[in-house]
Amino acid sequence: MVSPSAMNHNLFSITRNFRISGRFLSAEPYGNGHINDTYIAWWDCNGTRIRTLHQRINHQVFNDPSLIMDNISRVIRHLRRKLAAIPGADPDREALSLIPTWDGADFFRDPEGNYWRTYVFIENARTYDICETADQAREAARAFGRFQHLLTDLPGGPLHETIPFFHHTPRRFAALRGAIERDVCNRAAAAAADIDFALAREPLCAVVTDRLADGRLPYHTTHNDTKLNNVMLDCLTGRGVCVIDLDTVMSGSSLYDFGDLVRTCTRDAPEDQPDPDRDIFRLDLFRPLVEGYHETAGPFLQPAEIELLAISGRLITFTIGIRFLTDYLEGDTYFKTHRTNQNLDRARTQFQLISSMEQREKEMRDIVAATFAAGA
Ligand code: ADP
Ligand code: GN1
Ligand code: MG
């Protein structure tokens, strides 16, 4: 969602509401997220410079940010407890840490009604927008699989469903149809080929949702936004350190989580740069993803889930692609954009990836089968 003033908040006055002992030095926007606004702030703490991470939660997308914060604090508490019991694990680095407000709340509401939260900044680790090596792919998949595994015994019942039907592809498809019919910005003609591409793939939509509905696939506590840049890797060792961006953690399918790793790790181009002149899909990075995921998620995945891992990348790429296309047709009201046609280009990049994945389906199936048979 384009919001010119969004990255223009007074971080000095916002950050002083959080329990940080130090002298505020400066703050600047950070990261490449499409929904929230992220900043880092620098502090002088008795002569040492430290930084903290601050986020304004987009409350148009997340209608009730207090529910998100409830989910996040439950998840963090559980992860930290489990990590504390694992020899060699470091809960302070391998789980996020919320810094509370002075009166102990997880978030602060500013006078304009914005919701803010603060995290300890994890140093000596970084995120990547594009996967460069097989090790990065393997580590990212290991980290998300471990995250899911640690959450299999989350106490207290299911988390709040903070965005209803978030990964319900048939509903996303219906929303696309509605946007095409309304065509409020007269953009459908410019996207005619993209619309045809999407409409031709309706049969893919319900593969996971139908099986979740009738119990053939299980629900787990999942992350639901497993983009490569939502996992921090150690700067020195390259090992997966911490899964971040927990806004959409809720009940879901492991397939959408693994799929979004495939979508974001096998793409040899920015998310908004389709390139018709070359194949931007990197099958060579699919194998380490499967291997890493097998290592940590293998213990809890069911055969029906393993059976669909090879097409899960295509399914979530389709889901995100039609969301980008819908937003383009509706006038770019959801995802932040920085230029015209950016959502259309994002959709086209997803569709280009889908075409490649369709052609490489057999190889992908073979990789999954070989990996899971070898480790069974
Ligand atoms: P968004 O919802 O906007 O994607 P994220 O929570 O993913 O926000 O944060 C944006 C970026 O900020 C991440 O890609 C990561 O590089 C960095 N980041 C987020 N949380 C931390 C943290 N606790 N420590 C260090 N860097 C972080
Ligand atoms: C959004 O916030 P961010 O950039 O991590 C979106 C995801 C999409 C992603 C596409 C709440 O994630 O669902 O997959 O953009 N998050 C929400 O890059 O809609
Ligand atoms: Mg993010």
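Source: prediction; values computed, not measured.

Undergrad: Help me out: how do you make sense of the packing of aromatic side chains in this one?
TA: One pair of aromatic rings is described through two measures. These are the centre distance and the angle between the planes. As enumerated under the stated definition, the model contains 12 aromatic pairs in all. Three or more aromatic residues joined by ring pairs form one cluster here, namely F12, F24 and W43. Of note, R201 hangs over the ring of F197, and the distance from its end group to the ring centre comes to 3.6 Å.

Undergrad: Honestly, the site of ligand 1 in this entry has me stumped. Any pointers?
TA: Not every one of the 17 residues close to ligand 1 is listed here, only the nearest: Q55, I122, T127, N230 and D245. Between an oxygen atom of ligand 1 and a side-chain N or O atom of N230, the distance comes to 2.9 Å. Counting atoms within 2 Å of the grid points, the majority share of ligand 1 lands in the largest pocket. For the shell around ligand 1, the secondary-structure elements that each account for two or more residues are β3 (48-57) and β5 (115-120). Grouping the constituent residues of the shell around ligand 1 by class yields nine nonpolar, seven polar and one charged. Split by domain, the shell around ligand 1 shows at least three residues from each of two domains, domain 1 (4-86 + 96-121) and domain 2 (134-374).

Undergrad: Could you clarify how one ought to interpret the sheet that holds β3 in this entry?
TA: Backbone hydrogen bonds hold the strands of a sheet together, and the pairing may be parallel or antiparallel. Spatial ordering of the open sheet is given by β1-β2-β3-β5-β4, a layout of five strands whose pairing is antiparallel. Among the strands making up the open sheet, the edge pair consists of β1 (23-29) and β4 (108-109). As judged from the six bridges shared by β1 and strand β2 (residues 37-45), these two strands associate in the antiparallel manner. If you follow P29 over to β2, its bridge partner there is Y39. Against the sheet, helix α2 (residues 65-84) touches β3 and β5, its axis set at about 20° to β5.

Undergrad: Help me out: how do you make sense of the coordination of the magnesium ion (ligand 3) in this one?
TA: Geometry sets the ideal angles at a metal, namely 109.5 degrees for four tetrahedral donors and 90 or 180 degrees for six octahedral donors. Protein-derived ligands of the magnesium ion (ligand 3) are N230 (OD1) and D245 (OD), with the metal-ligand distances lying across 2.2 Å. With N230 in the loop between β7 (220-222) and β8 (231-234) and D245 in the loop between β9 (240-243) and β10 (250-252), the pair connects residues that are 15 residues apart, well separated along the chain. N230 gets classed as buried once you look at its relative accessible area, which sits at 4%.

Undergrad: How should the layout of surface pockets be read in this particular structure?
TA: In this approach, a probe sized like a water molecule rolls over the atoms, and the result shows the empty space that is left. Considering only enclosed or pocket space, the largest pocket measures out at about 870 Å³ in volume. The wall of the largest pocket is formed by 41 residues, among which G33, N229, N230, I244 and D245 lie closest to the centre. Secondary structure elements with two or more residues in the lining of the largest pocket: β3, β5, β6 (125-126), α8 (254-265) and α10 (303-329). Tallying contributions element by element places α10 first for the lining of the largest pocket, with three residues. Grouping the amino acids of the lining of the largest pocket by side-chain chemistry returns 18 nonpolar, 13 polar and 10 charged. Split by domain, the lining of the largest pocket shows at least three residues from each of two domains, domain 1 (4-86 + 96-121) and domain 2 (134-374).

Undergrad: Explain the domain arrangement of the protein here, please?
TA: Often the size quoted for an interface is simply the accessible area lost on bringing the parts together. As assigned here, the protein comprises domain 1 (4-86 + 96-121) and domain 2 (134-374). Listed per partner, the contact involves 24 residues of domain 1 and 29 residues of domain 2. Regarding the contact of domain 1 and domain 2, the summed buried area is about 2,400 Å², with carbon and sulfur atoms giving 61% of it. Together, H34, N71 and R74 form the three largest contributors to the area buried by domain 1 at its contact with domain 2, with a combined 28%. The interface formed by domain 1 and domain 2 holds three salt bridges in total. Notably, a salt bridge pairs R117 with D247, separated by 2.8 Å at the nearest N-O pair. No other element matches the 13 residues that α2 contributes to the side of domain 1 that touches domain 2. In terms of residue class, the side of domain 1 that touches domain 2 is built from 13 nonpolar, five polar and six charged.

Undergrad: Looking at this structure, how should I read the nonpolar core?
TA: Side chains of nonpolar character tend, in soluble globular proteins, to be buried together. Ranked by internal contacts, the top residues of the largest apolar core, which has 104 residues, are L246, F258, F286 and L325. Sort the elements by how many residues they give to this core and α10 lands first, with 13 residues. Counting the residues that make up this core, at least three belong to each of domain 1 (4-86 + 96-121) and domain 2 (134-374). Apart from residues no more than four positions distant in its own chain, L325 is found in contact with L176, A191, D194, I195, A198, L344, A347 and F351. Y39, W43, C45 and I99 belong to the second largest nonpolar core, which has 12 residues in total.

Undergrad: Whenever I open this one, the pairing of β5 confuses me. Can you help?
TA: The side chains of a regular strand alternate, first on one face of the sheet and then on the other. Burial runs high along β5: five of the six residues are buried. One ladder, built from six bridges, connects β3 with β5; its direction is antiparallel. Its bridge partner lying in β5, L53 is registered against Y119. Pairing between β4 and β5: two bridges, direction antiparallel. Across the sheet, residue R109 finds its bridge partner in β5, namely Y115.

Undergrad: Would you explain the side chain of T248 in this entry?
TA: Mapped onto the elements, T248 comes out in the loop between β9 and β10. If sequence neighbours within four positions are ignored, T248 has contacts with F62, T162, F166, T222, H223, N224 and D225.

What counts and how
Residues numbered from 1 in each chain as written. Chains lettered and ligands numbered in written order. Predicted model: local features only at pLDDT ≥ 70, side-chain atom pairs only at ≥ 80, totals over all residues. Heavy atoms only, no water. Phe/Tyr/Trp six-rings, centres within 6.5 Å; stacked < 30°, edge-to-face > 60°. Lys NZ or Arg CZ within 6 Å of the ring centre and 35° of its normal. Near = heavy atom within 4 Å. Polar contact = N/O pair within 3.5 Å; in protein donor to acceptor, adjacent residues only side chain to side chain. 1 Å grid on protein atoms, 1.4 Å probe; cavity = no way out; pocket = protein on both sides within 12 Å on 5 of 7 lines; lining within 4 Å. Sits in = over half its atoms within 2 Å of the grid points. Helix = DSSP H or I, 4+ residues; strand = E, 2+ residues; numbered from the N terminus. Nonpolar A, V, L, I, M, F, W, Y, C, P; charged D, E, K, R; others polar. Domains from an automatic or database assignment. Pairing = 2+ DSSP bridges. Contact = heavy atoms within 4.5 Å. Axes fitted to C-alpha atoms, helices over the stretch in contact; angles between N-to-C directions. Donors = N, O, S within 2.8 Å, 3.2 Å for Na, K, Ca; no water. Buried < 20%, exposed > 50% of the residue type's maximum accessible area, 1.4 Å probe, protein only. Points joined across faces, edges and corners; volume = space filled by probe spheres on them. Buried area = accessible area lost by both parts, 1.4 Å probe. Salt bridge = Lys/Arg side-chain N within 4 Å of Asp/Glu carboxyl O. Core = buried A, V, L, I, M, F, W, Y, C linked by side-chain atoms within 4.5 Å.

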